[in-house]
Amino acid sequence: MVATIHASQQTSNLKLQLSLMLLLRSFEKELTALSQSGKLRGSLHLATGQEACPVGFCAALDPQDTMTVTYRGHGYAIAKGVDFKLIIAEILGKQEGLCHGRGGKMHLVDLDKGLLGANGIVGGGIGTAAGAALASKMDGGHRVSAAVFGDGTVNQGHSMEVFNMAGLWKLPMIFFCENNLYAEMTPLSRSTAVIDLTRKMEAFGIPSVQVDGNDVQAVEEASQEAVRRAREGHGPTFIEAMTYRTVGHYQNDPGTSYRSQKEIQSWMELDPITRLASVLKVSDKDLESMRQEAVGKVKETIEWAMALPDPKPSDLSEGIYA
Amino acid sequence: MIAETASKTLSFPQAIAATLSQEMARDPDVFVMGEDVAHFGGMFRCTEGLLEQFGESRVIDTPISESGFIGMALGAALVGKRPVVELMFVDFSLVAADQILNQIAKTRYMSGGRVGVPLVIRTQGGGYKGAAAQHSQMLEALYVHIPGLRVVCPSDPRTAQGLLASAVRCPDPVLFIEHKQLYGTSGEVPERELLLDLGKAEVVKQGTDVTLISYSYTLTLALQAAENLQKEGKSVEVIDLRSLNPLDFDTLAESIRKTHRVVIAHEAHGRCGVGADLACQIQERLFDDLDGPVLRVCGADVPVPFAKVLEDEALPSAEKIEQTLRKVLGV
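So, how was this worked out
For every chain, the first residue of its written sequence is number 1, and the numbers climb from 1 along that sequence. As a convention, the first chain written is A and the first ligand written is 1, with the rest following in written order. pLDDT decides what is reported in this predicted model: residues at 70 or higher carry local features, side-chain atom pairs at 80 or more are listed and counted, and totals for whole chains, interfaces and linings draw on all residues regardless. Water and hydrogen atoms play no part in the side-chain values, which are based on all heavy atoms of the structure. Nonpolar cores were defined as sets of buried Ala, Val, Leu, Ile, Met, Phe, Trp, Tyr and Cys residues, with membership established by side-chain atoms within 4.5 Å. Only protein chains enter the area calculation, which uses a 1.4 Å probe; residues under 20% of their type maximum are buried, those over 50% are exposed, and those in between are partly exposed. Helix numbering and strand numbering both begin at the N terminus, where a helix is a DSSP run of H or I of at least 4 residues and a strand a DSSP run of E of at least 2. These domain boundaries are the output of an automatic or database domain assignment. Should any heavy atoms of two residues lie within 4.5 Å, those residues are counted as being in contact. We define a salt bridge as a side-chain nitrogen of Lys or Arg found within 4 Å of a carboxyl oxygen belonging to Asp or Glu. Nitrogen and oxygen atoms within 3.5 Å of one another constitute a polar contact, given that in protein one can donate a hydrogen and the other can accept it, and given that sequence-neighbouring residues count only through two side-chain atoms. Under this grouping Gly is polar, as are all residues other than the nonpolar Ala, Val, Leu, Ile, Met, Phe, Trp, Tyr, Cys and Pro and the charged Asp, Glu, Lys and Arg. What counts as an axis is a line fitted to C-alpha atoms, over the stretch in contact for a helix, and the angles between N-to-C directions run from 0 to 180 degrees. When an angle is under 35 degrees it counts as roughly parallel; over 145 it counts as roughly antiparallel; between 65 and 115 it counts as roughly perpendicular; any other value is oblique. Stacked, tilted and edge-to-face are the three classes assigned to paired rings of Phe, Tyr and Trp, where Trp is represented by its six-membered ring and a pair needs centres within 6.5 Å; plane angles under 30 degrees give stacked, over 60 edge-to-face, the rest tilted. Regarding the arc, it is the one traced by the directions from the helix axis to the C-beta atoms. As used here, buried area is the combined drop in accessible area, with a 1.4 Å probe, of two parts when they are placed together. Every residue carries a pLDDT, the predictor's confidence in it, which falls somewhere between 0 and 100. Think of a 1 Å grid over the protein atoms and nothing else: a 1.4 Å probe that fits but is trapped marks a cavity, an open set flanked by protein within 12 Å on at least five of seven lines marks a pocket, and residues with an atom within 4 Å of a point count as lining. Grid points are joined across faces, edges and corners, and a volume is the space filled by probe spheres set on the points.

**Some words on the nonpolar core**
By size, the foremost hydrophobic cluster in this structure holds 141 residues, and its most contacted members are L18(A), F57(A), M67(A), F175(A), F176(A), F238(A) and I282(B). No other element matches helix 1 (residues 2-36) of chain A, which puts nine residues into this core. Inspection of this core shows a minimum of three residues originating in each of domain 1 (9-190) and domain 2 (202-329) of chain B. V59(B), V168(B), V238(B) and I321(B) belong to the second-largest nonpolar core, a separate cluster that totals 47 residues.

So this is what it looks like as structure tokens:
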């Protein structure tokens, strides 16, 4: 009986995760269209194909746990519980947006949901995540903190300083690395001599694990183990989630000049949404109707947000100091 | 008349350490981190005794990783701590420039004013010690230039105590720049807690003939120059700016409307420096009150040289300030 309840609970969680991945995919698709039509300002860094990472990882965190993410991190913000509507309003530069239109897409932050910040600087938020972990350790270590970043960040000097201190002080944190094989347009093999990132972590005394980043269940399982270790005082874990963005680095990069069609195609066959739908035995028809539902939600929210008032120019200098 | 509150004499580093101790005892969220701050007591003895009082969890020795630990201070501040970081030399702030200028300074604005970063970066700068170009700079202008940080320079043990206590309690990030020449000085500080307003300048010597604006160690030189001219009957009003950002323009304006003449003295390079900005703002806002050009005494626009004769040539002195005051006064 207990096992049956557990299994059905698990299926229902996975269905929610499938919906969430579809929402993230639709979010990117609709915003890309908006950007291409000139209605969205600024860069749009995409993570299409990587949805299992935010959804699986955030499932392992508690509400009070904290995280920093990158300019490609909107999926984590949504999965961590930040109000989807406020994110869209912010991306459209509205006063009602999450950051009152001052930050935009690259600077989403919501302390109430544990999101300590997305970041415009590669690796810029690694120290922030570790600092929250240090604070947690001072208070007994029950809250864990996560730094989410891509493979490019591993080569930033700031990151190495933080890896070193996190390993040294056994901070209650997780380094969640989405290895999508390319730092912007440059492959990992042309960025570093040791492409197995988990080996680099040995030097910092940080245990690491490599996981299929397109398998939401595998991501969640590895993340839960890392969170457990952190909460029990065993220090940080580095998770290398192997994944792939099937689109370009940002909206104006088709992503095809530095990657072969064959390579892109081989990863599309490992699409995390299709895979989870198959595990759950969701029919094509049902999947399509779930997709339509997600698209509808995004479109409706965009429509709502576009009608909101802009910030007032006379308020330009508000909010720099307390 | 009410008697002055009881006071004591402390060296500058003792005043810093006493203030940190006071603030850590007051608020359990305050902690100190930096290179050699715990077991060694700080390169300049400003954290001496804190480890014994508060233990290793609140007095933290870091590796030589300025970018890393300043970034961690930001994260700790976001979840409710009040970090006070010691950055051994302001020159080293440049390896942490992204964390200070892109992350810490901008967090509040980028969040639409919703997320504050209450932390203090205590550091020291300045020359006169033969420490050459990478250990002698005054870099305040870089940090005033980017909106979001409060930048404070104490000028003696008393202002160090009062401004540091206020900085620790400030909801904004504060870059607190001490001067290495001040570490060897002592002065009277009150026995009781002292809080000085951040963002307020102070007239430290009243005068009527010219306004001399300075801060940090250069204020000591400015006061010497003012005393020298006093002997000739020239009355120099000396203002300690203390806070470079925000700027207390009102106090400057009040003085300038009285004296109609201005000299600004600081140790940092002249080009695009604090003095250049002040001179510009003064002529923009007080042009009709001025009886002559606003003059500056600044560090020369060269990397701080090693040899004593060259360093002396490059940096302000009481004599150089006096010469400039004479020029403005026509004496």
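**Here we look at the domain arrangement of chain B**
Residues and elements named next belong to chain B. With domains assigned, chain B is organised as domain 1 (9-190) and domain 2 (202-329). Computed from C-alpha atoms alone, the centre-to-centre distance between domain 1 and domain 2 is 26 Å. Between domain 1 and domain 2, the residue contacts involve 25 residues of the former and 24 residues of the latter. Remark: the boundary between domain 1 and domain 2 carries zero salt bridges. At the boundary of domain 1 with domain 2, the tally comes to 13 residue pairs in polar contact (both at pLDDT 80 or more). Elements that contribute at least two residues to the side of domain 1 that touches domain 2 include exactly helix 6 (140-145), strand 6 (150-152) and helix 7 (157-169). Counted by class, the side of domain 1 that touches domain 2 contains 13 nonpolar, eight polar and four charged residues.

**Comments concerning the packing of helix 3 (residues 66-78) of chain B against helix 4 (residues 97-104) of chain B**
Residue and element names in this part refer to chain B. Interaxial distance between helix 3 and helix 4 falls to 8 Å at its minimum, and their mutual angle equals 25°. Relative to helix 4, the element helix 3 is oriented roughly parallel. Packed against helix 3, whose contacting residues are S67, I70, G71 and L74, the element helix 4 presents Q99, I100, Q103 and I104 at the interface. Looking at the contact of helix 3 with helix 4 residue by residue, the class counts come to four nonpolar, four polar and no charged.

**Observations regarding the packing of aromatic side chains**
Overall, the coordinates contain 17 aromatic pairs over all chains when judged by the stated rule. Residues Y76(A) and F176(A) carry aromatic rings whose centres are separated by 6.3 Å and whose planes lie at 65° to one another, so their mutual orientation is edge-to-face. Of this pair, Y76(A) sits in helix 3 (residues 74-79) while F176(A) sits in strand 4 (residues 173-179), and the two are 100 residues apart along the sequence. By the burial criterion, Y76(A) is buried, and F176(A) matches it. Here the aromatic rings of F12(B) and Y183(B) are separated by 5.6 Å at their centres, their planes lie at 65°, and the arrangement is edge-to-face. Taken together, the positions of F12(B) in helix 1 (residues 12-26) and Y183(B) in the loop between strand 7 (174-179) and strand 8 (186-190) put the pair 171 residues apart, joining distant regions of the chain.

**Observations regarding helix 10 (residues 272-279) of chain A**
One turn of an α-helix holds 3.6 residues; hence residues three or four places apart share an orientation. Residues and elements named next belong to chain A. Looking only at helix 10, the buried set comprises P272, I273, L276 and A277. With its buried residues spanning 135° around the axis, helix 10 presents them on a single face. Sitting at the amino-terminal end of helix 10 is D271, which places a side-chain oxygen 3.2 Å from the backbone nitrogen of I273. Phi turns positive, to about 55°, at K281, one or two residues after helix 10.

**With respect to the pattern of salt bridges**
Going through the model one piece at a time under the given rule, you end up with 29 salt bridges over all chains. The partner of R228(A) in a salt bridge is E225(A), and the shortest N-O contact between them spans 2.7 Å. Of this pair, R228(A) and E225(A) both sit in helix 8 (residues 216-231), three residues apart, roughly one helical turn. Taking relative accessible area as the criterion, R228(A) reaches 36% and is therefore assigned partly exposed. With relative accessibility at 37%, the residue E225(A) sits in the partly exposed group. K81(B) serves as the salt-bridge partner of D29(B), at 3.3 Å between the closest nitrogen and oxygen. Highlighted residues: D29(B) in the loop between helix 1 and strand 2 (30-34) and K81(B) in the loop between helix 3 and strand 4 (82-87), separated in sequence by 52 residues. We classify K81(B) as buried; its relative accessible area is 4%.

**As for the interface of chain A and chain B**
Taken residue by residue, the interface counts 38 residues in chain A and 39 residues in chain B. Between chain A and chain B, a total of about 3,100 Å² is buried, with carbon and sulfur atoms accounting for 66% of that surface. Across the contact surface, chain A and chain B share two salt bridges. With a closest N to O distance of 3.9 Å, D110(A) and R114(B) form a salt bridge. Here chain A and chain B share 18 residue pairs in polar contact (both at pLDDT 80 or more) between them. With eight residues, helix 5 (residues 126-138) of chain A is the single largest residue contributor to the side of chain A that touches chain B. For the side of chain A that touches chain B, the per-class residue count stands at 20 nonpolar, 12 polar and six charged.

**Let's talk about the confidence of the model for chain B**
Across chain B, pLDDT averages 97, with 99% of residues at or above 70. For this predicted complex, the interface confidence score (ipTM) comes to 0.95, while the overall pTM stands at 0.96.

**A word on the environment of G75(B)**
Along the polypeptide, G75(B) turns up in helix 3. Assessed through its relative accessible area of 0%, G75(B) is described here as buried. For the pair G75(B) and V144(B), spaced 69 residues apart in sequence, the C-alpha to C-alpha distance is 23 Å. Those residues in contact with G75(B) that lie beyond four places of it in its chain are T128(A), G131(A) and A132(A).

**Concerning the environment of K180(B)**
Position of K180(B) among the secondary structure elements: in the loop between strand 7 and strand 8. Residue K180(B) is classed as buried on the basis of its relative accessible area, which comes to 7%.

**As for empty space enclosed by the protein**
Within the structure shown, the criterion is met by five cavities of 30 Å³ or more. In this structure, the largest cavity spans a volume of roughly 170 Å³. Lining the largest cavity are 17 residues, and of these L116(A), G117(A), A118(A), T107(B) and M110(B) lie nearest its centre. In terms of residue class, the lining of the largest cavity is made up of eight nonpolar, nine polar and no charged.

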